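Below are the chains, spelled out letter by letter.
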Amino acid sequence: MSRIGFIGTGHIAAPIARFLAAKGHEIAVTERNASVSAELKAELDVVVANPQAVLDASDIVFLCLRPQIAPEVLEQLNFRSDQQIVSVMAAVSADQLAALCAPASDFVQTIPLGFLQQGGCPLAAFGNDALLAELFEPENPVVKVSNEAALNAHFAVCAMVPGLLDVLATGAEWLAEQTGDADASEFYTTQLLSGFLHTMQTGQAGRLAEERDALATDGTLSLQMTQALHAGNAHDALRSALQAIGNRLETD
Ligand SMILES: NC(=O)C1=CN([C@@H]2O[C@H](COP(=O)(O)OP(=O)(O)OC[C@H]3O[C@@H](n4cnc5c(N)ncnc54)[C@H](OP(=O)(O)O)[C@@H]3O)[C@@H](O)[C@H]2O)C=CC1
Ligand SMILES: O=C(O)[C@@H]1CCC=N1
């Protein structure tokens, strides 16, 4: 059991706190966002306190602030050299973290999504990946990355999730226009993709292309779809978006 604190108690901190509380860790969170911290207190009996008090009560500290306010909040706090720091913040570099959290020197940067609470979320990890594995495995597999550029590239791919949800929403809307049943259309579209991905083997290069090729054979509707998306430059748009996000993280 560890004493774990959260600086910034918003959208992503809440499911992480729930997961870790269920594992028996002692959790302290900062008050803002007041409604989220009050919910966590009512539900999990976490300690709610000001940022320095949370820090003082914690051995492991999750930094869950928006990147633009992180410097002004963190530079006012006194970290300890024995604290382990987990940052989930996009666009706050390892060098910035080291300067803002000194004398703490044990860091890991990662990219959770809220469904980690239920398990199955891969956690890209730059830094102390063993700490993340201790906290989140076996439910959530830790994917070690060896440098910050690689971590930033994982951030870009993580942003594909809302990008692809948007594409699926367009497909579901189109289906509803044909059928007149928006709920059934959304159910069909979502279940089709989630069911397919859920049963697909993961972890082997080329597997996605193999699954595509098994469906998109000569004369099929599937091949018509994959070719049309290439012809419409959908893949170029995706690559440009990934590159632009990567560039933004490099220069922020
Ligand atoms: N959302 C997601 O799915 C993911 C987010 N991230 C990263 O997590 C970080 C947080 O994102 P997210 O949770 O979505 O953002 P939120 O805005 O939901 O959370 C940020 C939290 O910080 C609080 N805060 C603001 N100012 C202070 C302060 N001075 N002292 C203490 N707390 C303060 C906010 O409170 P208030 O609302 O009162 O301002 C809020 O609770 C970002 O850096 C993002 O890159 C990473 C992976 C996924
Ligand atoms: O979109 C964002 O900025 C954050 C980082 C990864 C997921 N959400």
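Everything numeric in this text was worked out from a predicted model, so none of it was measured.

Structural notes on the overall build of the chain
Helix and strand counts for the chain stand at 12 helices and eight strands. Relative to its full complement of 252 residues, the chain shows a buried share of 33%. For the chain, contacts bridging at least 24 residues in sequence account for 46% of all contacts bridging at least 6. Of the roughly 14600 Å² of accessible surface on the chain, 56% is carried by carbon and sulfur atoms. Averaged over its 12 positive side-chain charges, the chain has a centre that lies 4 Å from the centre of its 30 negative ones.

Quick notes on unusual backbone geometry
Across the chain, the bulk of peptide bonds are trans and the bulk of non-glycine residues have phi less than zero. A cis amide bond links arginine 32 to the next residue, asparagine 33, at an omega of -5 degrees. A cis amide bond links alanine 102 with the next residue in sequence, proline 103, at an omega value of 10 degrees. By the element assignment, proline 103 lies in the loop between helix H5 (94–101) and strand E6 (106–110). Unlike most non-glycine residues, aspartate 45 shows phi in positive territory, near 60 degrees. With respect to the secondary-structure elements, aspartate 45 resides in the loop between helix H2 (34–44) and strand E3 (47–49).

Describing the packing of helix H7 (residues 148–158) against helix H8 (residues 160–179)
Here H7 crosses H8 at 20 degrees, and the two axes come no closer than 5 Å. Judged on the interaxial angle alone, H8 and H7 are roughly parallel. Only Met160, Val161 and Pro162 of H8 make contact with H7, whose side of the interface consists of Ala156, Val157 and Cys158. Partitioned by chemical class, the residues of the contact of H7 with H8 number six nonpolar, no polar and no charged.

Notes on the nonpolar core
Across soluble globular proteins, you tend to see nonpolar side chains buried next to one another. Core analysis: the largest hydrophobic core is formed by 29 residues, its most contacted members being Phe6, Ile16, Leu20, Phe62 and Phe136. Among the secondary structure elements, those contributing two or more residues to this core are strand E1 (3–7), helix H1 (13–22), strand E2 (26–30), H2, strand E4 (60–63), strand E7 (123–127) and helix H6 (129–136). Here this core gets six residues from one element, more than from any other, and that element is H1. In this view, phenylalanine 62 contacts Ile4, Gly5, Phe6, Ile7, Ile16, Leu20, Val86, Leu135 and Phe136; residues no more than four positions away in its chain are not counted. Core analysis: the second largest hydrophobic core is formed by 21 residues, Ala49, Leu77, Ile85 and Met89 among them.

Regarding the site of ligand 1
Around ligand 1 there are 18 residues in total, and His11, Ile12, Arg32, Asn33 and Leu65 lie nearest to it. Between ligand 1 and threonine 9 there is a distance of 3.0 Å, counted from an oxygen atom to a backbone nitrogen or oxygen. For ligand 1, whose accessible area on its own is 880 Å², the fraction buried by protein is 76%. Across the shell around ligand 1, the residue classes tally to 11 nonpolar, five polar and two charged.

Brief notes about a nonpolar patch on the surface
Together, Phe187, Tyr188, Leu192, Leu193, Phe196, Leu197 and Leu215 give the surface a local cluster of nonpolar side chains, amounting to about 690 Å² of exposed area. Looking at which element gives the most residues to the nonpolar patch, the answer is helix H9 (residues 182–199), with six residues. Note that leucine 215 resides in helix H10 (residues 207–215). On the basis of relative accessibility, which here comes to 46%, the residue leucine 215 falls in the partly exposed class.

Here's the deal with the domain arrangement of the chain
For the chain, the assigned domains read domain 1 (3–146) and domain 2 (160–251). Computed from C-alpha atoms alone, the centre-to-centre distance between domain 1 and domain 2 is 32 Å.

Thoughts on the packing of H8 against H9
With their axes 8 Å apart at the nearest point, H8 and H9 run at an angle of 140 degrees to one another. By the angle between their directions, the pair H8 and H9 is classed as oblique. Relative to H9, H8 is oriented so that their crossing is right-handed. Counted together, Leu168, Ala172, Leu175, Ala176 and Thr179 of H8 and Ala182, Ser185, Glu186, Tyr188, Thr189 and Leu193 of H9 form the full contact between these two elements. For the contact of H8 with H9, a count of residues per class yields seven nonpolar, three polar and one charged.

Cut-offs applied
Residues numbered from 1 in each chain as written. Chains lettered and ligands numbered in written order. Predicted model: local features only at pLDDT ≥ 70, side-chain atom pairs only at ≥ 80, totals over all residues. Heavy atoms only, no water. Helix = DSSP H or I, 4+ residues; strand = E, 2+ residues; numbered from the N terminus. Buried < 20%, exposed > 50% of the residue type's maximum accessible area, 1.4 Å probe, protein only. Contact = heavy atoms within 4.5 Å. Areas by Shrake-Rupley, 256 points an atom, 1.4 Å probe, with all protein chains shown as cover. Lys, Arg positive; Asp, Glu negative; His and termini not counted. Charge placed at Lys NZ, Arg CZ, Asp CG, Glu CD. Axes fitted to C-alpha atoms, helices over the stretch in contact; angles between N-to-C directions. Parallel < 35°, antiparallel > 145°, perpendicular 65-115°, else oblique. Nonpolar A, V, L, I, M, F, W, Y, C, P; charged D, E, K, R; others polar. Core = buried A, V, L, I, M, F, W, Y, C linked by side-chain atoms within 4.5 Å. Near = heavy atom within 4 Å. Polar contact = N/O pair within 3.5 Å; in protein donor to acceptor, adjacent residues only side chain to side chain. Patch = residues over 30% accessible without salt bridge, like charges linked within 9 Å, V, L, I, M, F, W, Y side chains within 5 Å. Salt bridge = Lys/Arg side-chain N within 4 Å of Asp/Glu carboxyl O. Domains from an automatic or database assignment. Left-handed = near helix turned anticlockwise from the far one by under 90°.

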